[in-house]
Amino acid sequence: MEIRLDESWKALLRDEIEKTYFKSLTDFVRSEYLSTTIYPPPKFIFNALDSLPVDQVKVVILGQDPYHGPGQAHGLSFSVPDGIKPPPSLQNIYKEIKSDLGKEIPQSGNLEKWVKQGVLLLNATLTVRAHQAGSHQNHGWEQFTDTIIQKLSENKSNLVFMLWGAYAQKKGSVIKSSNHLILKAPHPSPFSAHSGFFGCKHFSQTNSYLMSQGISPIDW
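Residues numbered from 1 in each chain as written. Predicted model: local features only at pLDDT ≥ 70, side-chain atom pairs only at ≥ 80, totals over all residues. Heavy atoms only, no water.

**A short note on the overall build of the protein**
Counting its regular elements, the protein contains eight helices and six strands. When its helices and strands are written in sequence order, the protein yields α-α-β-α-β-α-α-β-β-α-β-α-β-α. On C-alpha atoms alone, the protein measures out to a radius of gyration of 17 Å, which is about the 17 Å that the 2.2 N^0.38 rule sets for 220 residues. Each principal axis of the C-alpha distribution contributes one length, and for the protein these read about 45 × 35 × 25 Å. Residues counted as buried form 52% of the 220 residues belonging to the protein. Considering only contacts in the protein between residues 6 or more positions apart, those separated by 24 or more positions represent 67%. (Helix = DSSP H or I, 4+ residues; strand = E, 2+ residues; numbered from the N terminus. Rg over C-alpha atoms; globule rule 2.2 N^0.38 Å. Buried < 20%, exposed > 50% of the residue type's maximum accessible area, 1.4 Å probe, protein only. Contact = heavy atoms within 4.5 Å.)

If you want it as structure tokens, here you go:
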């Protein structure tokens, strides 16, 4: 498994990728790609980290698994490539942005424009079997992404962490909350969005916080 990381992430995670668990993880993932259909395509496994240097991160949005349908996953949580219909959770994210900020809902579900502005779209697990949600959990990805969150928390200040749903909120326990803004809400999936995701106003809160710290806001 090729580890395609921006150089700043390689430096931050150098010790982590030398650990025994990570070597076992890469062996497992490599064998999975050889034996069955896995998403995202190999070149996109580390897309979230390869697309955004550490020093440019302003906001972290945590997801759980990559999308497990054909053509959907490209290594950025909640995002899909151009030409792929936005999945229900992303549609609800767009609805909340429209309600919160008055922005029209885009046709594309590609969130790369957020990444270019400093939004880290990080899944807890970076690979998944086709049509089998959660199939690559508990093989080491969670430890790796916990380390990413912890190192960001320790090495940067004034980040915004958006934690949607119980899974993301539990994963956010490693964040040093005194140095950052942590926003929590139910998950934007159709099963829970009406329980408090709609109306959470996380996008306007994020921009207000960033501007209060002298940081440019995100054009959601």
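**A few points about the sheet that holds strand S2 (residues 59-63)**
Overall, parallel pairing links the four strands, which are arranged S3-S2-S5-S6 in an open sheet. Of all strands in the sheet, those bounded by a partner on one side alone are strand S3 (119-123) and strand S6 (181-185). When the angles between neighbouring strand axes are averaged without regard to direction, this sheet yields 20 degrees. Sheet topology note: the strand S5 (residues 160-164)/S6 ladder contains five bridges and is parallel. (Pairing = 2+ DSSP bridges. Axes fitted to C-alpha atoms, helices over the stretch in contact; angles between N-to-C directions.)

**Some details on the packing of helix H4 (residues 88-101) against helix H8 (residues 202-212)**
Each packed pair of helices is defined by two parameters, the angle between the axes and the distance between the axes. H8 packs onto H4 with a crossing angle of 60 degrees between their chain directions and a minimal axis gap of 8 Å. Judged by the angle between their axes, H4 and H8 are oblique. Across from Ile93, Glu96, Ile97, Asp100 and Leu101 in H4, the residues of H8 making contact are His202, Phe203 and Ser204. When grouped by side-chain class, the residues that make up the contact of H4 with H8 number four nonpolar, two polar and two charged. (Parallel < 35°, antiparallel > 145°, perpendicular 65-115°, else oblique. Nonpolar A, V, L, I, M, F, W, Y, C, P; charged D, E, K, R; others polar.)

**Describing H4**
Between the first and last C-alpha of H4 there are 20 Å, a value that for 14 residues agrees with the 20 Å anticipated at 1.5 Å per step. Buried within H4 we find Ser89, Leu90, Asn92, Ile93, Tyr94, Glu96, Ile97 and Asp100. Next to the buried residues of H4 lie helix H5 (112-115), S5 and H8. Gly102 sits one or two positions beyond H4 and adopts a positive phi of about 75 degrees. (Expected span 1.5 Å × (residues − 1).)

**A look at the pairing of S3**
S3 sits mainly inside the fold: five of its five residues count as buried. Side chains Val119, Leu121 and Asn123 project from S3 onto one buried face, and the interleaved Leu120 and Leu122 project onto a second face that is buried too.

**Topic: the packing of helix H2 (residues 20-35) against helix H6 (residues 141-155)**
One can describe the packing of H2 onto H6 by two numbers: an axis separation of 9 Å at closest approach and a directional angle of 125 degrees. Between H2 and H6, the interaxial angle falls into the category oblique. Where H2 crosses over H6, the two elements pack in a sense that is left-handed. Between H2 and H6, the residues in contact are Tyr21, Phe22, Leu25 and Val29 and Trp141, Gln143 and Phe144, respectively. Counted by class, the contact of H2 with H6 contains six nonpolar, one polar and no charged residues. (Left-handed = near helix turned anticlockwise from the far one by under 90°.)

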